[in-house]
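The chain contents come next:
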Amino acid sequence: RRVHGELPFAMETPLLLLLVLLCLRSYTSSLKLPTYIKPCSRNDPNINTCATQHAISAIPHFINGDPKYRVPPLDPLLIEELSVKQGSPNFGLSFTARNVSIRGLKNVQVKAVRIDLQKQHIEYDLLVPTVEVLCRYSVSGQVLVVPISGSGNGVLVFKDLDLRIAFDFDKVRKKPQGKEYVSPKNFLITTEAHGLTVNLENLFNGNKFLGDNMNTFLNENWRDLMHELAPPVGEALIQVLETTLTNIFELVSYDDSFPETV
C-alpha cells in the first residue's frame, strides 16, 4: 500500500466508495441500476468524459447515503478514533483524535475521471473547497523542538483540498454463473491542501498564553504538520477502503460495471 501527500483525517473512505460506484455503475443480481446513475459503455472512445459527467450529476444523491448500495452517509462523516504514535526528529508527536466529525464533503467537485480498461487502472481527481474536522484530541511530544501537550476539543479546517485517488483491479471469474468480477488492489492516495487552520483548546493544562502561541505556531507550520500526520492516517484509511470495496465488488460483475452498449 502506498500513501503520498497530505491527508486529512479519514475523509476519503466513504468518498472513495462513492466515486468507484459512480464510475463502475455497479448493481447486484437482486438490484437494478439506480435511476440517478447513468452507465458509460466500455467501448465509448470518450469514456473518461462520460464517467466524469455522470459522477458530477450523481454525487448529490449519495450525500445522505444509500443503504441498498452500501454507501454510508458522507456529511457529516463520523470516525470513532484516529491516532499518530510516531514522528520524525522534528515532529515527535503522539496525537489521538476521538469522536471525529468531518464536514464539507457535500461540496466535493469532480475534476476528472480516468479509466484504462486495458491496464485495469482507474483514477479520480477531486477538489473539496473546505473540510472541517471536529474531534476530542490528546497530544504530547514536540513540534520543531517545541514541546506540546494537552487534551480537549480540536478543530482543523482544510482549504482547497486537491485529492487524487488511484487503484488497479483484477478480473476474477466466479462460479456458478461464471461471470467476471472486479477485484481492486494497489491503492494510491495523493493530496495537496492549499490552506489549514488549527485550533486545539486546553493546551498546556489550559494555559491560555502558551496555548494561543502554540496554535499560532501550528498554523504557521501547517505543511510540516500535515506531512507528519499523512502516512499513519493514510494507511488506516486504505485498510478500511480495501475491505469496503472488496465487499461491494463481490456482488458486481465486470459486464455490469462496464457494459458493451448503453
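First things first, this report covers the structure right here in the doc. Since this is a predicted model, take the numbers as computed values, not measurements.

Glancing now at the overall build of the chain. When you go through the chain residue by residue, the secondary structure sums to five helices and seven strands. Taken from N to C terminus, the helices and strands of the chain fall in the order β-α-α-β-β-β-β-β-β-α-α-α. Per-residue burial over the chain gives 49% buried out of 262 residues. The long-range fraction of contacts in the chain, counting pairs at least 24 apart against all pairs at least 6 apart in sequence, stands at 72%.

Relative to strand E3 (residues 91-103), strand E2 (residues 77-84) is paired through seven bridges, and the arrangement is antiparallel. Bridged to Leu78 within E3 is Ser101. Strand direction decides the pairing type here: E3 and strand E5 (residues 121-143), joined by 11 bridges, are antiparallel. Residue pairing in the sheet places Ile102 in a bridge with Val133 of E5.

So, about the state of the cysteines. Applying the stated criterion across every chain yields a total of one disulfide. Here Cys40 is linked by a disulfide to Cys50, with a sulfur-sulfur distance of 2.0 Å. Looking down the S-S bond of the Cys40 and Cys50 bridge, the torsion is -90 degrees, so its handedness is left-handed. On the criterion of sequence distance, the pair formed by Cys40 in the loop between helix H1 (12-24) and helix H2 (47-62) and Cys50 in helix H2 is long-range, its members being 10 residues apart.

Among the structural elements, Ser41 can be located in the loop between H1 and H2. Among the polar contacts listed, one links the side chain of Ser41 to the backbone nitrogen of Asn43, at a separation of 3.0 Å. From its side chain, Ser41 meets the backbone oxygen of Glu260 in a polar contact 2.4 Å long. Those residues in contact with Ser41 that lie beyond four places of it in its chain are Ile47, Pro259, Glu260, Thr261 and Val262.

What follows covers the side chain of Asn215. Relative to the assigned elements, Asn215 resides in helix H3 (residues 208-220). What Asn215 contacts, discounting residues up to four positions off in sequence, is Val198, Asn199, Leu200 and Leu203.

Here we come to the nonpolar core. By size, the foremost hydrophobic cluster in this structure holds 63 residues, and its most contacted members are Ile115, Ile148, Phe158, Leu203 and Leu218. At 10 residues, E5 tops the list of elements feeding residues into this core.

The residue Tyr124 is located in strand E5 in this model. Tyr124 gets classed as buried once you look at its relative accessible area, which sits at 1%. In the structure, Tyr124 is positioned 43 residues away from Phe167 in sequence and 9.5 Å away in space, judged by C-alpha atoms.

Let's shift gears to the pattern of salt bridges. Inspection of every chain in the model, using the stated rule, returns 10 salt bridges. Across the pair Asp125 and Arg164 runs a salt bridge whose closest N-O atoms are separated by 2.7 Å. Placement of the pair is Asp125 in strand E5 and Arg164 in strand E6 (residues 146-174), with a sequence separation of 39 residues. Given the relative accessible area of 38%, Arg164 is considered partly exposed. In this structure, a network of salt bridges that share partners links the residues Arg114, Glu123, Asp125 and Arg164.

Attention shifts here to the packing of aromatic side chains. The full count for this structure, using the stated rule, is four aromatic pairs. Pairing Tyr254 with Phe258 gives two aromatic rings, centres 5.3 Å apart and planes at 50 degrees, and the pair type is tilted.

Cut-offs and rules
Residues numbered from 1 in each chain as written. Predicted model: local features only at pLDDT ≥ 70, side-chain atom pairs only at ≥ 80, totals over all residues. Heavy atoms only, no water. Helix = DSSP H or I, 4+ residues; strand = E, 2+ residues; numbered from the N terminus. Buried < 20%, exposed > 50% of the residue type's maximum accessible area, 1.4 Å probe, protein only. Contact = heavy atoms within 4.5 Å. Pairing = 2+ DSSP bridges. Disulfide = S-S within 2.5 Å. Polar contact = N/O pair within 3.5 Å; in protein donor to acceptor, adjacent residues only side chain to side chain. Core = buried A, V, L, I, M, F, W, Y, C linked by side-chain atoms within 4.5 Å. Salt bridge = Lys/Arg side-chain N within 4 Å of Asp/Glu carboxyl O. Phe/Tyr/Trp six-rings, centres within 6.5 Å; stacked < 30°, edge-to-face > 60°.

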